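# Observations on the model geometry
Residues per chain, in single letters:
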Amino acid sequence: MSQNDTSKKIDEKLQGSTTKYFQATENNKKVYIESYGCQMNMNDSEIVASILLKQGFNTTENLDEADLVLINTCSIREKAETTIRNRLKHFNKLKQYNPNTKIGLLGCMAERLKEKILDEEKLVDLVVGPDAYRDLPNLIDELADGRKAVNVLLSKEETYADIEPVRLNSNGVSAFVSITRGCDNMCTFCVVPFTRGRERSRDPKSILHEIQVLQDKGFKEVTLLGQNVDSYLWYGGGLKKDFVNQPDEVKQKAIDFAGLLDLTATRFSDIRIRFSTSNPQDFSLEVIKTMAKHSNIAKHIHLPVQSGSDRILKLMNRKHTVAQYKETVDAIRKYIPDVAISQDLIAGFSTETEVDHQATLDLMDYIKYDFGFMFAYSVRPGTWGARKLTDDIPHHVKLRRLREIIDKQQTHSLYRMQQFVGKEVEVLIEGNSKKSDKHWMGRNSQNAVVIFEKTAKEQPGDLVKVKVNDCTSATLFGNRI
Ligand code: SAH
Ligand code: F3S
């Protein structure tokens, strides 16, 4: 992957994406939604759009005509929050022309800053945390009365199981389906457990129903989403941490992630199933075997490692060692030889030495990841890392280490892509290539982007065979067979 491609991937992960359209003819109000951060946030915006659609709001791409401007936010790194503050300032300038427009902050930054952002910065009218979107209709009523409105309560049960998301920016081929919310892991660098609350799983019946609806609409791929999907556990509702206290008959009927994956892949044999994100500590042999058993489960695992040093992993409160991580990867490759594995890595966590950094580079050499998302450590207020450790790695050192990690990833990505050259791959067509409407863009099972010339025979949503004849570190090029 070239440097540009890598930063583009990271940018894509970070940049805001705006809602394109959804229209119900009887609706007369307009909401503009901009989403930042993880895929879960994109899916949450689709849930919000669904709740608001019933309240008389159609989505719009045009800020000028919006009655309500919502920004669904990310707190994962300081830069993400800075970007959002700048957008809020921009929205407030527009408010000079449309004084009745209301501005709302959703998601992780809303949860992290709570009322403070109303009082201190006066940039927003509405603050709603990730578990409080059902309350939006009431909160919007409060705004109509000229008040500011806040709901940042976190929930033990909320999974929005019964809400059918309005698919925004949809290519009609691929959709996200959330299966868990929250995270119990408390990695010491991470703000997510504070902003998204305790972990809970969604009723498998509602997951299967949502996929059925997608299939009926012609979708061909779903990505099961959660902060830690491998920790999925349905035992009738409630927090994951309370499972241990359940009676035996409840425990015996519980469905874990391997069970859910098996159910989904069996029921929807024509749908390609992806999932993200996997945590190495919870990634089980059962999941590996289930992936190997079903050809419609995509052969790609996003398995963030964060660091290749045991000392740093321990300080990060990651629950695995480097040796255990390697064992997991070895087992995955044994059962699924053609699997793609991707990573998240953090450069310059507190106390990281050059020896620790070298251990990360060594681990990368061992795994040779297909691709990855790499970040300089950004200390987040309230986390254990912020409270107990000193952010002692100078910025320029973090950036140099990050550069070395990205360069190595680029070499490995190119190596992995080269392995497809000369071979046939199965591609699910997502739509036109960005650069040319004479070419299709799709992905193979390993999540590699494939570009090939159109023939008269295919359309988006088709699964076609392509012979690969060239590649970059981020893209395969070929011809339809
Ligand atoms: N389990 C989650 C992880 C969320 S955060 C998921 O579903 O993706 C995504 C990635 O951001 C993490 O894996 C980590 O590599 C990175 N990250 C999290 N907190 C960070 C911080 N404080 N500084 C830099 N990177 C961070
Ligand atoms: Fe964050 Fe660790 Fe959970 S990275 S989302 S606390 S698994």
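The rules behind these values
- Residues numbered from 1 in each chain as written.
- Chains lettered and ligands numbered in written order.
- Predicted model: local features only at pLDDT ≥ 70, side-chain atom pairs only at ≥ 80, totals over all residues.
- Heavy atoms only, no water.
- Pairing = 2+ DSSP bridges.
- Helix = DSSP H or I, 4+ residues; strand = E, 2+ residues; numbered from the N terminus.
- Axes fitted to C-alpha atoms, helices over the stretch in contact; angles between N-to-C directions.
- Contact = heavy atoms within 4.5 Å.
- Buried < 20%, exposed > 50% of the residue type's maximum accessible area, 1.4 Å probe, protein only.
- Salt bridge = Lys/Arg side-chain N within 4 Å of Asp/Glu carboxyl O.
- Expected span 1.5 Å × (residues − 1).
- Polar contact = N/O pair within 3.5 Å; in protein donor to acceptor, adjacent residues only side chain to side chain.
- Arc of directions from axis to C-beta.
- Near = heavy atom within 4 Å.
- Areas by Shrake-Rupley, 256 points an atom, 1.4 Å probe, with all protein chains shown as cover.
- Nonpolar A, V, L, I, M, F, W, Y, C, P; charged D, E, K, R; others polar.

## What about the sheet that holds strand S14 (residues 272–276)?
- Strands sit in the order S8-S11-S14 across an open sheet of three strands; the sheet is parallel. Of all strands in the sheet, those bounded by a partner on one side alone are strand S8 (174–178) and S14. Neighbour-to-neighbour, the strand axes of the sheet open up by a mean angle of 25°, direction not taken into account.
- Strands in contact with helix H2 (residues 39–53) are S8, strand S11 (221–225) and S14; relative to S8, the strand with the most contacts, it is inclined by about 90°.
- Against the sheet, helix H10 (residues 257–267) contacts S11 and S14, and its axis sits at roughly 155° relative to S14.

## What to know about the environment of isoleucine 405
- Mapped onto the fold, isoleucine 405 is located in helix H16 (residues 395–418).
- Overall, the relative accessible area of 1% leaves isoleucine 405 in the buried class.
- With sequence-adjacent residues up to four places away left out, isoleucine 405 is seen in contact with Leu345, Ala347, His357, Thr360, Leu361, Met364 and Met374.

## Considerations on the sheet that holds strand S22 (residues 475–480)
- The strand order around the closed barrel built from five strands is S18-S19-S20-S22-S21, with neighbouring strands paired in mixed fashion. Neighbour-to-neighbour, the strand axes of the sheet open up by a mean angle of 55°, direction not taken into account.

## So, the pattern of salt bridges
- Here the structure, examined in full by the defined rule, presents 34 salt bridges.
- In this structure, glutamate 81 engages arginine 380 in a salt bridge whose closest nitrogen and oxygen atoms are separated by 3.2 Å. With glutamate 81 in helix H3 (residues 78–95) and arginine 380 in the loop between strand S17 (371–376) and helix H15 (384–388), the pair connects residues that are 299 residues apart, well separated along the chain. Each member of the pair, glutamate 81 as well as arginine 380, carries the same accessibility label: buried.
- Where arginine 181 meets aspartate 131, a salt bridge forms, and the shortest distance between an N and an O atom there is 3.7 Å. Highlighted residues: arginine 181 in strand S9 (residues 180–181) and aspartate 131 in the loop between strand S6 (126–128) and helix H6 (136–144), separated in sequence by 50 residues. Of the two residues, arginine 181 and aspartate 131, both sit in the buried class.
- Connected through shared salt-bridge partners, Asp44, Asp131, Arg181, Arg196 and Arg200 make up one network.

## Some remarks on helix H8 (residues 204–216)
- The first and last C-alpha atoms of H8 sit 18 Å apart over 13 residues, in line with the 18 Å expected at 1.5 Å per residue.
- For H8, the full list of buried residues reads Pro204, Ser206, Ile207, Leu208, Glu210, Ile211, Val213 and Leu214.
- Of the surrounding elements, those touching the buried residues of H8 are S8, S11, strand S12 (233–234), strand S13 (255–256) and H10.
- Where H8 begins, one side-chain oxygen reaches toward the backbone nitrogen of lysine 205, 2.9 Å away; that side chain belongs to aspartate 203.

## Overview of H3
- Given a rise of 1.5 Å per residue, 18 residues ought to cover 26 Å, and the 26 Å separating the end C-alpha atoms of H3 matches this to within 8%.
- Listed in full, the buried residues belonging to H3 are Ala80, Glu81, Ile84, Leu88, Phe91 and Lys95. Here the buried residues of H3 occupy an arc of 90° about the axis, which is enough to place them on one side. In H3, the exposed positions that point more than 90 degrees away from the buried face belong to Glu78, Lys79 and Lys93.
- Tucked into the core, H3 has its buried residues touching strand S2 (29–35), strand S4 (68–73), strand S5 (102–107) and helix H4 (108–113).

## Some thoughts on the pairing of S14
- The buried fraction of S14 is high, at five of five residues.
- Side chains Arg272, Arg274 and Ser276 of S14 all project onto a buried face; the interleaved residues Ile273 and Phe275 project onto the opposite face, where all are buried too.
- When S11 meets S14, the two strands line up parallel, connected through five bridges. What sits directly across from leucine 225, in S14, is serine 276.

## Side note on the site of ligand 1
- The environment of ligand 1 is formed by 14 residues, the closest being Gln227, Thr277, Gln306, Asp344 and Ser378.
- Interatomic distance of 3.0 Å between a backbone N/O atom of phenylalanine 189 and a nitrogen atom of ligand 1.
- When isolated, ligand 1 has an accessible area of 550 Å², and the protein chains bury 89% of it.
- Counting only elements with at least two residues in the shell around ligand 1, the list comes to strand S16 (340–347) and S17.
- Of the residues in the shell around ligand 1, the class split is six nonpolar, five polar and three charged.

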